[in-house]
Structure formats: structure tokens, C-alpha cells
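An overview of the molecular structure
Listed here are the chains, written in short residue letters.
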Amino acid sequence: MRVSPDWLARLPKTELHLHIEGTLEPELLFALAERHGVALPYADVDALRAAYDFKDLQSFLDLYYAGADVLRSEADFHDLTRAYLARAHADGVVHVEIFFDPQTHTARGVPFATVLNGIRRALTDGEREFGISHRLILCFLRHLPEADGFATLEEALPHLDRIDGVGLDSSEAGHPPQKFERLFARCRELGLPCVAHAGEEGPPEYVWQALNALRVCRIDHGVRALEDPVLVAELARRRIPLTVCPLSNVRLKVYPSLTRHPLRQLLQAGLVATVNSDDPAYFGGYVGENWRACAEALGLTREELLQLARNGIDASWLEPAAKARWLAVIDGM
Ligand code: ADE
Ligand code: ZN
């Protein structure tokens, strides 16, 4: 049975794979450039948007890091995060677990606390205004040396009460999870839950390393795990969630079109697959659009959509009572 757009909009959704820097819309980017007197190499918003035509992950990351240069003050990080939460709320998102990339900002002289305070204040306000609960995940940039990650962790130490976990992102190819084994061991000693991007462009071997060397509790993307049946069985047996980002995968040419996306295969393999938006300002849609586009392109059934919603709650770091409340709402849909 096909679901109605209204039903899909009301379905309680989570967002567990979202880079806050990837929500920087061209309009806000231009406004912040003006706020700080930064000259941009694009004539206007349309010219910038036209440049969002990526051939792979790296060609996206080059623009994404350049765009982040306009994020300078606490107010910038607050405004960015608030704008994202308003959009998420409109999509029926009830809980978010957001990544931020401190190294992208501290390398430009923006203090760690400026970034954290702006994002955190918007998350706290957003919980009051929109009823969206949240967690915040510090991501290490994997194209940089592990020593730089240790320096960032050192900066984070006074703020650990406001950081809920750590992740690993940026250029995947040539930067295997193993490179960060000692850093993640230290994070686990500090009691921080760990996640990592793996199996987006990189091979299944990187997913194995994220599991065995980094001991992550969730894999970000992970779609290439499907190439290794033993890995699929392991992920299913351990109920390790995958935070899948369908529109991102198409925009970064992991799959040629959404109709070829393996979201259904992941569900059929018994994996805890979830739907997320990754960098929605760059990839043509927020989480609601990812759900709508997948439902349409893949002809997802009501049962499959309910399973994806349940998976999002199960895979989240919400406390058990909150999970039970949302699962009951989903079961009543
Ligand atoms: N940083 C922001 N988006 C990313 C992605 N899709 N993969 C790796 N690093 C990222
Ligand atoms: Zn990502």
C-alpha cells in the first residue's frame, strides 16, 4: 500500500548522520560573508549553487571546507544550527545526533569553545522551541594525522560534559580507520561512544576496521558492506546500525540514481538501516526529502517505512524510556 504524504510527514523521524557544516545554505553563506566582510569567488547564490555538481566525495569536500570559512562567531554557529532545527522540525524529526568538525574551524583560528557554545545554545533552545531532543558528536578529520586528533581531543577535554560521542569523517580513500586506533581507544577510555564513516567510498575492509580497530557502535554510511556477505552477517548479528544517506550517495556518485540505491537490500539483509541527510544544503534535500525520494524511487511499503522509523529510534542514543515512547507512537501509526 502506498502511504500518503501527510502520513510520511507525521512519521516520527530521527537524524543520526548530519554534519552541521553541511547545512550551510548558499543564502546563509552569503549573509555570513557579508557579516564578516569576506569576499566570495561567486557572483551570487545561484552561481554558488551551480558549483554543487560533484564527481566524488573529495570534490564535494573541497567546496564544503571552503564554504565553512564564513563560520567565525558563536552567533554564526548558533544561526546555522537553529536554521537546521527549524527545517528538521518541519520534516517531522523528533531527535537529532549532529556531527561537528572542530578542526575545520580551530585551524582558522576560531576557538573550540566558540563553535561548541554556538551549536549547543541552539540545540538547547531548539529542544524548548521544537521539542527536538539531541546529541552532539565531535568528528575527527581523517585526512589529518592522528596526532592532530589527539590535540583536538585535548581541547575538548574541558567540555566533555557537552559532547556525547566522537566520529570520524572527511576523505575516506587512503585514510583507513586503523590510522586512528589509539585515538579512539583513548576516547573509549574517556567513556565516549564512537562512530565512524566507513564503506561510503571505501571498501568493506574499512567497515571491518571501524568495528574491530575503533570498536564503533554505529557505522556512518556503510553501504559498501553489501559487497562482503560475511560482514553483512556480522553487522546483522551484532545489530550495528548503518546511518545511510541516500541523496548524498547519489550526489557523490556512489550510485548512479536513487532507483539503484540498495536501501531495501540493507533492510532485507536484516540490517538496522536508517535514513539521514548527511550534508543537505549540498545534496539537494533535508531528511524529509530523503524519505520522500526513497519512498517514491524505491516504492517503499508502509511496513518498510515503519521499519526505517523504528530503526532510527533503536539506533539512536536516546535513553530507553524515550525510545519506548517513540516506538509506541510509531507502532500506532
Ligand atoms: N564530511 C561531511 N560530509 C561527509 C561525507 N559524506 N563523508 C565524509 N566526510 C564528510
Ligand atoms: Zn557524513
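Just so it is clear, the structure is predicted and the values come from calculations on it, not from any experiment.

1. Let's talk about the packing of helix H8 (residues 146-156) against helix H9 (residues 181-189)
Packed helix pairs are specified by the crossing angle of their axes together with the interaxial distance, meaning the distance between the axes. Here H8 crosses H9 at 20°, and the two axes come no closer than 9 Å. Relative to H9, the element H8 is oriented roughly parallel. The two elements H8 and H9 cross, and the hand of that crossing is right-handed. Each of Glu146, Gly149, Phe150 and Leu153 in H8 lies in contact with H9, whose residues at this interface are Glu181, Arg182, Leu183, Arg186 and Cys187. Per-class residue counts for the contact of H8 with H9 are four nonpolar, one polar and four charged.

2. Focus on the UniProt feature "binding site: Zn(2+)" (unreviewed entry) in the protein chain
Within the UniProt annotation, "binding site: Zn(2+)" (unreviewed entry) is assigned to His17, His19, His197 and Asp278. These residues run over 262 residues, yet every pair of their C-alpha atoms falls within 11.7 Å of each other. Lining the largest cavity, from the residues named above, are His19, His197 and Asp278. Not counting residues within four places of it along the chain, the set of residues in contact with histidine 17 comprises Glu97, Phe99, His197, Asp220, His221, Thr243, Cys245, Asn276, Ser277 and Asp278. A distance of 3.4 Å separates the side chain of histidine 17 from the side chain of histidine 19, its partner in a polar contact. Within the element layout of this structure, aspartate 278 appears in the loop between strand E8 (273-275) and helix H14 (280-283). Look at aspartate 278 and you get buried, because its relative accessible area is 2%. The contact partners of aspartate 278, leaving out residues within four places of it in the chain, are His17, Leu18, His19, His197, Glu200, His221, Cys245, Ser248 and Phe283.

3. What about the coordination of the zinc ion (ligand 2)?
Those donors, His17 (NE2), His19 (NE2), His197 (NE2) and Asp278 (OD), are the protein atoms that reach the zinc ion (ligand 2), and they lie 2.0 to 2.2 Å from it. Seen from the zinc ion (ligand 2), its four donor atoms lie at angles of 84 to 175°, and the figure they make is irregular. Motif for the zinc ion (ligand 2), donor spacing along one chain: H-x1-H-x177-H-x80-D. Of this pair, histidine 19 sits in strand E1 (residues 13-19) while aspartate 278 is found in the loop between E8 and H14, placing the two residues 259 residues apart along the sequence. Taken individually, histidine 19 and aspartate 278 each receive the classification buried, so the pair is uniform in this respect.

4. So, the site of ligand 1
Taken together, the neighbourhood of ligand 1 is formed by His19, Leu57, Phe60, Leu61, Tyr64, Asp169, Ser170, His197, Glu200, His221, Asp278 and Asp279. At 3.3 Å from a nitrogen atom of ligand 1 is found a side-chain nitrogen or oxygen belonging to histidine 19. Coverage of ligand 1 by the protein amounts to 100% of the 260 Å² it exposes when considered alone. Structurally, ligand 1 is housed in the largest cavity. In terms of residue count, helix H4 (residues 57-67) provides more of the shell around ligand 1 than any other element does, four residues in total. A breakdown of the residues in the shell around ligand 1 according to their chemical character gives four nonpolar, four polar and four charged.

Basis of the calculations
- Residues numbered from 1 in each chain as written.
- Chains lettered and ligands numbered in written order.
- Predicted model: local features only at pLDDT ≥ 70, side-chain atom pairs only at ≥ 80, totals over all residues.
- Heavy atoms only, no water.
- Axes fitted to C-alpha atoms, helices over the stretch in contact; angles between N-to-C directions.
- Helix = DSSP H or I, 4+ residues; strand = E, 2+ residues; numbered from the N terminus.
- Parallel < 35°, antiparallel > 145°, perpendicular 65-115°, else oblique.
- Left-handed = near helix turned anticlockwise from the far one by under 90°.
- Contact = heavy atoms within 4.5 Å.
- Nonpolar A, V, L, I, M, F, W, Y, C, P; charged D, E, K, R; others polar.
- UniProt positions renumbered as here; feature names shortened; annotations may be inferred.
- 1 Å grid on protein atoms, 1.4 Å probe; cavity = no way out; pocket = protein on both sides within 12 Å on 5 of 7 lines; lining within 4 Å.
- Polar contact = N/O pair within 3.5 Å; in protein donor to acceptor, adjacent residues only side chain to side chain.
- Buried < 20%, exposed > 50% of the residue type's maximum accessible area, 1.4 Å probe, protein only.
- Donors = N, O, S within 2.8 Å, 3.2 Å for Na, K, Ca; no water.
- Tetrahedral: all angles 85-135°; square planar, octahedral: opposite > 155°, others 65-115°.
- Near = heavy atom within 4 Å.
- Areas by Shrake-Rupley, 256 points an atom, 1.4 Å probe, with all protein chains shown as cover.
- Sits in = over half its atoms within 2 Å of the grid points.

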